[in-house]
Amino acid sequence: MRNTRPRDIYGRPLPYGAEGEPTMPDDLDLSPVDALAEAQRLLDADRPFHAHEVLESVWKAAPEGERELWRGLAQVAVGLTHVRRGNARGAQALLTRAADRLEPFRGDPAGPYGLDLPTLVRDVRALAGRLETETPGALTDLGVGLLRRP
């Protein structure tokens, strides 16, 4: 069971009794396609912590052959959360780890579940590189999308 302490939009704990942001339910059960759509919606709304919760729920229920894919996707969202929290070092480490974890899955240009893994891996690595010279607060457009865009 998750910690019931209220959290801000980026998942940072708030004092007990404070008005926090709703989190995802512990029993969240979405299909992979629905989870990706919801995670992308949350990323587009600048809610990477919540996107991570959605992706983590699929990761924990995924078949063995897909677990590392979902773990990598969840790490992308956690890396973006660290960017928004101002933690450049943590963000860079998580984004690099996520790209490394997703790399083996990027061979199929069609990508599973509508994922654009070649672009995602490229964009995640580029963002990690930007964090070497830019402060997280200066990054308004993180330039990361999970799904192929028309």
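Reference entry: report on the structure contained in this document. These numbers were taken from a predicted model, which means no experiment stands behind them.

Reading the values: the criteria
- Residues numbered from 1 in each chain as written.
- Predicted model: local features only at pLDDT ≥ 70, side-chain atom pairs only at ≥ 80, totals over all residues.
- Heavy atoms only, no water.
- Salt bridge = Lys/Arg side-chain N within 4 Å of Asp/Glu carboxyl O.
- Helix = DSSP H or I, 4+ residues; strand = E, 2+ residues; numbered from the N terminus.
- Axes fitted to C-alpha atoms, helices over the stretch in contact; angles between N-to-C directions.
- Parallel < 35°, antiparallel > 145°, perpendicular 65-115°, else oblique.
- Left-handed = near helix turned anticlockwise from the far one by under 90°.
- Contact = heavy atoms within 4.5 Å.
- Nonpolar A, V, L, I, M, F, W, Y, C, P; charged D, E, K, R; others polar.
- Expected span 1.5 Å × (residues − 1).
- Buried < 20%, exposed > 50% of the residue type's maximum accessible area, 1.4 Å probe, protein only.
- Arc of directions from axis to C-beta.
- Core = buried A, V, L, I, M, F, W, Y, C linked by side-chain atoms within 4.5 Å.

1. A word on the pattern of salt bridges
Part 1 of the reasoning: In this structure the tally under the stated criterion is eleven salt bridges.
Part 2 of the reasoning: Arg-47 is the salt-bridge partner of Glu-21, the closest N and O atoms lying 2.9 Å from each other. Of this pair, Glu-21 sits in the segment before α1 (32-44) while Arg-47 sits in the loop between α1 and α2 (48-61); the two residues are 26 residues apart in sequence, bridging distant segments of the chain.
Part 3 of the reasoning: One salt-bridge network, held together by shared partners, links Asp-100, Glu-103, Arg-106 and Arg-125.

2. So, the packing of α2 against helix α3 (residues 67-85)
Part 1 of the reasoning: Between α2 and α3, whose axes approach to 8 Å, the crossing angle comes to 165°. When the axis of α2 is compared with that of α3, the two are roughly antiparallel. At the point where α2 passes α3, the crossing takes the left-handed sense. Mapping the contact onto sequence places Pro-48, Phe-49, Ala-51, His-52, Leu-55, Glu-56, Val-58, Trp-59 and Lys-60 in α2 and Arg-67, Trp-70, Arg-71, Leu-73, Ala-74, Ala-77, Val-78, Leu-80, Thr-81, Arg-84 and Arg-85 in α3.
Part 2 of the reasoning: Counted by class, the contact of α2 with α3 contains twelve nonpolar, two polar and six charged residues.

3. A look at α1
Part 1 of the reasoning: Helix length check: α1 (13 residues) gives 18 Å between terminal C-alpha atoms against 18 Å at 1.5 Å per residue, within 8%.
Part 2 of the reasoning: Listing the buried residues of α1 in full gives Ala-35, Leu-36, Ala-39, Gln-40, Leu-42 and Leu-43. Seen along its axis, α1 keeps its buried residues to an arc of 160°; they face one direction.
Part 3 of the reasoning: Its buried side turned inward, α1 meets α2 and α3.
Part 4 of the reasoning: Directly after α1, the chain includes Asp-46, whose backbone phi takes a positive value near 60°.

4. Structural notes on the packing of helix α4 (residues 88-102) against helix α5 (residues 117-130)
Part 1 of the reasoning: In contact at an axis separation of 9 Å, α4 and α5 are set at 155° when each is read in the N-to-C sense. Classified by the interaxial angle, the pair formed by α4 and α5 is roughly antiparallel. Classified by chirality, the crossing of α5 by α4 is left-handed. Contact residues: α4 offers Gln-92, Leu-95, Thr-96, Ala-99, Asp-100 and Leu-102, while α5 offers Leu-117, Leu-120, Val-121, Val-124, Arg-125, Leu-127 and Ala-128.
Part 2 of the reasoning: Of the residues contributing to the contact of α4 with α5, the split by class is nine nonpolar, two polar and two charged.

5. Notes on unusual backbone geometry
Part 1 of the reasoning: Backbone geometry at Asp-46 places phi at a positive 60°, although glycine is not the residue there.
Part 2 of the reasoning: Residue position: Asp-46 is located in the loop between α1 and α2.

6. Comments concerning the nonpolar core
Part 1 of the reasoning: The biggest cluster of nonpolar side chains holds 36 residues, and the ones touching the most others in it are Leu-55, Leu-73 and Leu-146.
Part 2 of the reasoning: Counting residues per element, the ones that place at least two in this core are α1, α2, α3, α4 and α5.
Part 3 of the reasoning: Considering every element that reaches this core, the biggest residue donor is α3, with eight residues.

7. Here's the deal with α2
Because each turn of an α-helix spans 3.6 residues, side chains separated by three or four positions in sequence point in the same direction.
Part 1 of the reasoning: With 14 residues, α2 should reach 20 Å at 1.5 Å per residue; the first-to-last C-alpha distance of 20 Å fits that figure.
Part 2 of the reasoning: Within α2, eleven of the 14 residues are buried, which leaves the element mostly enclosed by the surrounding structure.
Part 3 of the reasoning: Among all positions in α2, only Pro-48, Phe-49, His-50, Ala-51, His-52, Glu-53, Val-54, Leu-55, Glu-56, Ser-57 and Val-58 are buried.
Part 4 of the reasoning: On its buried side, α2 packs onto α1 and α3.

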